[in-house]
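Fold and geometry: a report
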Amino acid sequence: MEALKGVRILDMTHVQAGPTCSQLLAWMGADVIKFENPQGDATRGQLRDVPNADSLYFTMLNCNKRSITVNMKSAEGKQVFVDLLKKCDIIMENFGPGVLDRFGFTWEKIHELNPKIVMGSIKGFGSSGPYADFKAYENVAQAMGGAMSTTGVPDGPPFVTGAQIGDSGTGLHLAIGLLAALRQADRTGKGQYVEVAMMDGVMNLCRVKFRDHQRLMRGDMPEYSVPTYKGMGEVPRAGNDSGGGQLGNAIHCKPHGANDWLYIVVQEAVWEPLAKRIGPDLGIPDLATDARFAAIGERRKNQQLMWTLIKKFAEKHTKRELMAILNPLDVPCGPIMSTQDLANDEHVHGRDMWVELDHPQRGKWWNVGMPIKLSASPAVIRRSPTLGEHTDEVLKEVLGYDQARINSLRSAGAFSVPPKKAA
Ligand SMILES: CC(C)(COP(=O)(O)OP(=O)(O)OC[C@H]1O[C@@H](n2cnc3c(N)ncnc32)[C@H](O)[C@@H]1OP(=O)(O)O)[C@@H](O)C(=O)NCCC(=O)NCCS
């Protein structure tokens, strides 16, 4: 936790996209002050599994942060915000369009108050263009960034992917932008505005589909197992095709349950040993020299038959048995792992990717660990804060307020839910 030691972040993010980013930065050692609406990040109460406890939705995305509640709809709350702004290196937010501006804090104003501060902003569609005024959630971004139209099978509906590429993916993009801007600010003394639109982030993650989009102008795409042709216009959904230069697919294994599948890549270099291993069992001892499959071009043309043969071989084996047969042949492959498989997996535990934590409201729970391993800055994962847990601590330690001042701000409503307007 040394890498970002000394970096202080005013974190106004909520839900998933922004908190993913600030949690990673906290795991790299930044002091992340989660600056919350006094009602709390809405996810604290969403999808609750334990009554009156912060939900897993919240706890899994807000570890290693300090929570302070400030009512930005009061003059006193705004002053606390300004004071904190002056003490932070980064401010980040993922409000709906215009929320910070309505508080009176445009980027220009923030830059004026602290010229060195870097500001990170996530929006569904960015601050310019015809979609700029729209809000967005994960699947809206997947729909509009190209992921859904290219996920599924051609004659079925478009599908979302379980990986949260719209929210968490955008958070990762923002982290990269913030770290680059921080480096520039250290060199020049000047902060800048870093914006990531969820739609842009999803497009970035669908880059290879846009490769294929352009290839379709020149011809078909022989590696696809579904029909493609020159001038097709849009990249089709192609099931579990590999999407790369090597043929790949998911193969159903014994006992043929929902996750009894092995993903296999028939890399060019491994066809011969693979064919020699499976051919005799299939009653085709010469499979390795069979002209229908010997060269990659032929295998692409005849891939349906090749997959049928591999599936037939797989019928007698579980996914783990098949993996054990293919690994010594250097065939890239991996079992489809359920959440249950992963939570119990020795490799996952060994890499600290499933970490047990304690929480005052909910007791023991698990979080997915830090996927970025820094050799000289290993992450130490600590539980998420309860709502406003560090309000006084931050006001005293970071802003130097004394107790009398805190008490007077508190009675003025600076840290509590704004009163409802009369109807
Ligand atoms: C996610 C999203 C759709 C949620 O919409 P929402 O629940 O209506 O929340 P918004 O961000 O638009 O608004 C937040 C409200 O809380 C209020 N608020 C936030 N912090 C506050 C504080 N400290 N004190 C007082 N009020 C506060 C804001 O003023 C705003 O209310 P307003 O509309 O009266 O101005 C929206 O925030 C969004 O599009 N964000 C950008 C894209 C994104 O990140 N989406 C992915 C989320 S995982």
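So, a few notes on the structure that sits alongside this text. (Residues numbered from 1 in each chain as written. Predicted model: local features only at pLDDT ≥ 70, side-chain atom pairs only at ≥ 80, totals over all residues. Heavy atoms only, no water.)

**Quick notes on the overall build of the chain**
For clarity, the threshold we go by: Secondary structure elements follow DSSP: runs of H or I of four or more residues count as helices, runs of E of two or more count as strands, with numbering from the N terminus. For every residue, the accessible area (1.4 Å probe, protein chains only) is compared with the maximum for its type, and the residue is labelled buried under 20%, exposed over 50%, or partly exposed between those bounds. Should any heavy atoms of two residues lie within 4.5 Å, those residues are counted as being in contact. Computed with a 1.4 Å probe, the accessible areas rest on the Shrake-Rupley method; for each residue, only the protein chains presented here act as cover. Charged residues are defined narrowly, with Lys and Arg counted positive, Asp and Glu counted negative, and His plus the chain ends left uncounted. Where a charge lies is defined by one atom per residue type: Lys uses NZ, Arg uses CZ, Asp uses CG and Glu uses CD.
Across its full length, the chain carries 17 helices and 11 strands. The C-alpha extent of the chain, read off along each of the three principal axes, is 85 × 50 × 50 Å. Across the 423 residues of the chain, 48% fall into the buried class. Contacts in the chain between residues at least 24 apart in sequence constitute 66% of all its contacts with a sequence separation of at least 6. With the model as given, the accessible surface of the chain reaches about 21000 Å², and the carbon-plus-sulfur share is 54%. Taking the average location of the 49 positive side-chain charges in the chain and that of its 47 negative ones, the two points are 3 Å from each other.

**Thoughts on the layout of surface pockets**
Stated formally: Site definitions follow a grid-based scheme: protein atoms alone, a 1 Å grid, a 1.4 Å probe that fits but cannot get out for cavities, and for pockets an open set with protein on both sides within 12 Å along at least five of seven lines, plus lining residues having an atom within 4 Å of a point. Grid points are joined across faces, edges and corners, and a volume is the space filled by probe spheres set on the points. Here the nonpolar group is Ala, Val, Leu, Ile, Met, Phe, Trp, Tyr, Cys and Pro; Asp, Glu, Lys and Arg are the charged ones; every other residue, Gly included, is treated as polar.
When its volume is computed, the largest pocket comes out at roughly 1200 Å³. As for the largest pocket, its lining consists of 44 residues, and the residues nearest its centre are H14, N37, F95, G96 and V99. When contributions to the lining of the largest pocket are tallied by element, the ones reaching two or more residues are β2 (31–36), α4 (99–103) and β5 (118–123). Residues that form the lining of the largest pocket fall into these classes: 21 nonpolar, 11 polar and 12 charged.

**Some remarks on the pairing of strand β10 (residues 354–357)**
Looking along a regular strand, one sees side chains alternate from face to face of the sheet. Heads up, the condition is: Strand pairing is defined by DSSP finding a minimum of two bridges between the two strands.
Covered by surrounding structure in β10 are V355 and L357 only, the residues W354 and E356 on the alternate face being uncovered. Here 4 bridges tie β10 to strand β11 (residues 365–368), and the two strands are oriented antiparallel to one another. Considered in β11, the bridge of V355 is made with N367.

**Some thoughts on the site of the ligand**
Short version of the rule: For this description, a residue counts as near a given molecule or strand if any of its non-hydrogen atoms is within 4 Å of it. N or O atoms within 3.5 Å of each other form a polar contact, as long as, within protein, one can give a hydrogen and the other can take it, and as long as residues adjacent in sequence are counted only when both atoms are side-chain atoms. For a molecule to be placed in a cavity or pocket, more than half of its atoms must lie within 2 Å of the grid points of that cavity or pocket.
The full set close to the ligand counts 24 residues, and V70, M72, G96, K135 and A136 are the nearest of them. Interatomic distance of 3.0 Å between a side-chain N/O atom of H14 and an oxygen atom of the ligand. The backbone of V70 places a nitrogen or oxygen atom 2.8 Å from a nitrogen atom of the ligand. The protein chains hide 81% of the 940 Å² of surface that the ligand would expose on its own. Its atoms largely coinciding with the cavity grid, the ligand occupies the largest pocket. At 3 residues, α4 tops the list of elements feeding residues into the shell around the ligand. Of the residues belonging to the shell around the ligand, the class tally is 12 nonpolar, 7 polar and 5 charged.

**Observations concerning a nonpolar patch on the surface**
Short version of the rule: Patch membership requires more than 30% relative accessible area and the absence of a salt bridge. Residues of like charge join within 9 Å; the nonpolar side chains Val, Leu, Ile, Met, Phe, Trp and Tyr join within 5 Å. By definition here, a salt bridge exists when the distance from a side-chain nitrogen of Lys or Arg to a carboxyl oxygen of Asp or Glu is within 4 Å.
Residues Y131, F134, Y137, V140 and M144 make up a contiguous nonpolar surface patch of roughly 480 Å² in combined accessible area. With respect to the helices and strands, the residue Y131 is situated in the loop between β5 and α6 (138–144).

**Re the pattern of salt bridges**
When the charged atoms of two side chains with opposite charge come close together, those side chains can pair. Tallied over the entire structure, the rule returns 25 salt bridges. Of the charged contacts, one joins R66 and D31 as a salt bridge, the two residues approaching to 2.7 Å between their closest N and O atoms. Taken as a pair, R66 in strand β3 (residues 65–69) and D31 in strand β2 lie far apart in primary sequence, 35 residues in all. On the basis of relative accessible area, R66 is assigned to the buried category, the value being 11%. Judged by relative accessible area, D31 falls into the partly exposed class, the value being 22%.

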